[in-house]
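Tertiary structure, described
Next come the chains, spelled out residue by residue.
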Amino acid sequence: SMIVKYVKKRKNAFYVKSFGQTYYFSVLKNVDGVIGNSSSGITEAPSFKIGTINIGDRQKGRIKCESIIDSPSKNKKIYNLIKKIIDKKFKKKINKTINPFEKQNTIKNNIPNILQ
């Protein structure tokens, strides 16, 4: 409900309950990072060479690569981490990240039109 209220007050924000897989992967190709507690930030986002701010401990114990930053649900901490995932040095560092969940041609085999 906090996200919906936030979006209603701003012209440059929007809320989508679910993109579906194809549209979601298209979005991942065009964003600087993801924020939340979804497994997608851990399993899929690293393949797109973007950072993930993983909030809370829902994904605790999972394998994570260096593009994933764990954070408590504190506003100031999250704000500072957003600045980090859009930082050019961080982006350069994670550009070489290897996603431990990705198999050869995983994305191409599942969503061929997105990569063309």
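The structure contained in this document is the topic of the report that follows. (Residues numbered from 1 in each chain as written. Predicted model: local features only at pLDDT ≥ 70, side-chain atom pairs only at ≥ 80, totals over all residues. Heavy atoms only, no water.)

Notes on the packing of aromatic side chains
- Going through the model one piece at a time under the given rule, you end up with two aromatic pairs.
- Centre to centre, the rings of Tyr24 and Phe25 are 6.2 Å apart; their planes meet at 45 degrees, and the pair counts as tilted.
- Residue Tyr24 is classed as partly exposed on the basis of its relative accessible area of 21%.
- On the basis of relative accessibility, which here comes to 7%, the residue Phe25 falls in the buried class.
- Grouping aromatic residues by their ring pairs yields a cluster made of Tyr24, Phe25 and Phe48. (Phe/Tyr/Trp six-rings, centres within 6.5 Å; stacked < 30°, edge-to-face > 60°. Buried < 20%, exposed > 50% of the residue type's maximum accessible area, 1.4 Å probe, protein only.)

Description of the pattern of salt bridges
- Under the counting rule described, the total for this entry stands at three salt bridges.
- For Lys91, the salt bridge identified is with Asp32, shortest N-O distance 2.5 Å. With Lys91 in helix α5 (residues 88–94) and Asp32 in the loop between α2 (21–28) and β1 (33–36), the pair connects residues that are 59 residues apart, well separated along the chain. (Salt bridge = Lys/Arg side-chain N within 4 Å of Asp/Glu carboxyl O. Helix = DSSP H or I, 4+ residues; strand = E, 2+ residues; numbered from the N terminus.)

As for the sheet that holds strand β2 (residues 51–55)
- Spatially, three strands are ordered β1-β2-β3 in an open sheet, and the strand pairing comes out parallel. Whereas interior strands pair on both sides, the edge strands pair on one side only; in this sheet they are β1 and β3 (68–71). Going across the sheet, the axis of each strand differs from the next one's by a mean of 15 degrees, ignoring polarity.
- Pairing analysis gives four bridges linking β1 to β2, with the strands arranged parallel. Across the sheet, Val34 pairs through a bridge with Thr52, a residue of β2. (Pairing = 2+ DSSP bridges. Axes fitted to C-alpha atoms, helices over the stretch in contact; angles between N-to-C directions.)

Focus: unusual backbone geometry
- Located in the positive-phi region is Lys49, a residue other than glycine, with phi close to 60 degrees.
- On the secondary structure map, Lys49 appears in the loop between α3 (40–43) and β2.
- Overall, Lys49 belongs to the partly exposed group, its relative accessible area being 31%.

Remarks on helix α4 (residues 75–85)
- Inspection of α4 places Ile78, Leu81 and Ile85 among the buried residues, and these make up the whole buried set. The buried residues of α4 occupy an angular sector of 65 degrees when the element is viewed end-on, so they sit on one face. Counted as exposed and oriented over 90 degrees from the buried face of α4: Asn75, Lys76 and Tyr79.
- For α4, the elements touching its buried residues are β1, β2, β3 and α5. (Arc of directions from axis to C-beta. Contact = heavy atoms within 4.5 Å.)

Geometry only, nothing functional implied.
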